[in-house]
Amino acid sequence: VRPLTLRIKGLRSYRDDTTIDFTGRELVAIVGDTGAGKSSILEALSVALYGRPSFDGRATGVLITDGSA
């Protein structure tokens with residue numbers, strides 16, 4: 001599976017609407033400072049592909065940013 005785009009909003013570090021474009025990429029590295037949202041990108045991919053977060057395995061509610069619906 002090769003994602004083309006990932007749109008995130010209200011998920012952990014991504015309170016505002018954010019789109020990540022993977023088109024035309026052979027390899028992707030997710031790098032950044034502590035708390036920058038690297039693991040949130042991986043969780044968003046897990047929810048998009050499997051319908052559940054990787055670390056909880058049950059509900060997506062644990063990923064919702066405080067104050068988001």
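Above this text is the structure in question.
Please read all numbers here as calculations on a predicted model, not as lab measurements.

K.L.:
Any chance you could explain the overall build of the protein chain here in plain terms?
P.N.:
Looking only at helices and strands, the protein chain has one helix and two strands in total. N-terminal to C-terminal, the α/β element order of the protein chain is β-β-α. Looking at the protein chain as a whole, 23% of its 69 residues qualify as buried. Surface summary for the protein chain: the accessible area is close to 5200 Å², and the carbon and sulfur share equals 50%.

K.L.:
I keep staring at the environment of Thr-5 and nothing clicks. Help me out?
P.N.:
Inspection of the secondary structure puts Thr-5 in strand E1 (residues 5–8). Taking the C-alpha atoms as reference points, Thr-5 and Asp-21, 16 residues apart in sequence, are found 4.5 Å from one another. Sequence-distant contacts of Thr-5, that is, excluding residues within four places in its chain, are made with Thr-19, Ile-20, Asp-21 and Phe-22.

K.L.:
For this particular structure, what's the right way to read a nonpolar patch on the surface?
P.N.:
Taken together, the side chains of Val-1, Leu-49 and Tyr-50 make up a nonpolar region of the molecular surface, amounting to roughly 420 Å² of accessible area. Within the element layout of this structure, Tyr-50 appears in helix H1 (residues 38–50). The class of Tyr-50 is exposed, set by a relative accessible area of 60%.

K.L.:
What's the story with unusual backbone geometry in this structure? I'm lost.
P.N.:
Outside of glycine, negative phi angles account for most residues, and trans bonds account for most peptide bonds. Phi at Arg-12 is positive, roughly 45°, even though this residue is not glycine. Mapped onto the secondary structure, Arg-12 falls in the loop between E1 and strand E2 (18–21).

Definitions and limits used
Residues numbered from 1 in each chain as written. Predicted model: local features only at pLDDT ≥ 70, side-chain atom pairs only at ≥ 80, totals over all residues. Heavy atoms only, no water. Helix = DSSP H or I, 4+ residues; strand = E, 2+ residues; numbered from the N terminus. Buried < 20%, exposed > 50% of the residue type's maximum accessible area, 1.4 Å probe, protein only. Areas by Shrake-Rupley, 256 points an atom, 1.4 Å probe, with all protein chains shown as cover. Contact = heavy atoms within 4.5 Å. Patch = residues over 30% accessible without salt bridge, like charges linked within 9 Å, V, L, I, M, F, W, Y side chains within 5 Å. Salt bridge = Lys/Arg side-chain N within 4 Å of Asp/Glu carboxyl O.

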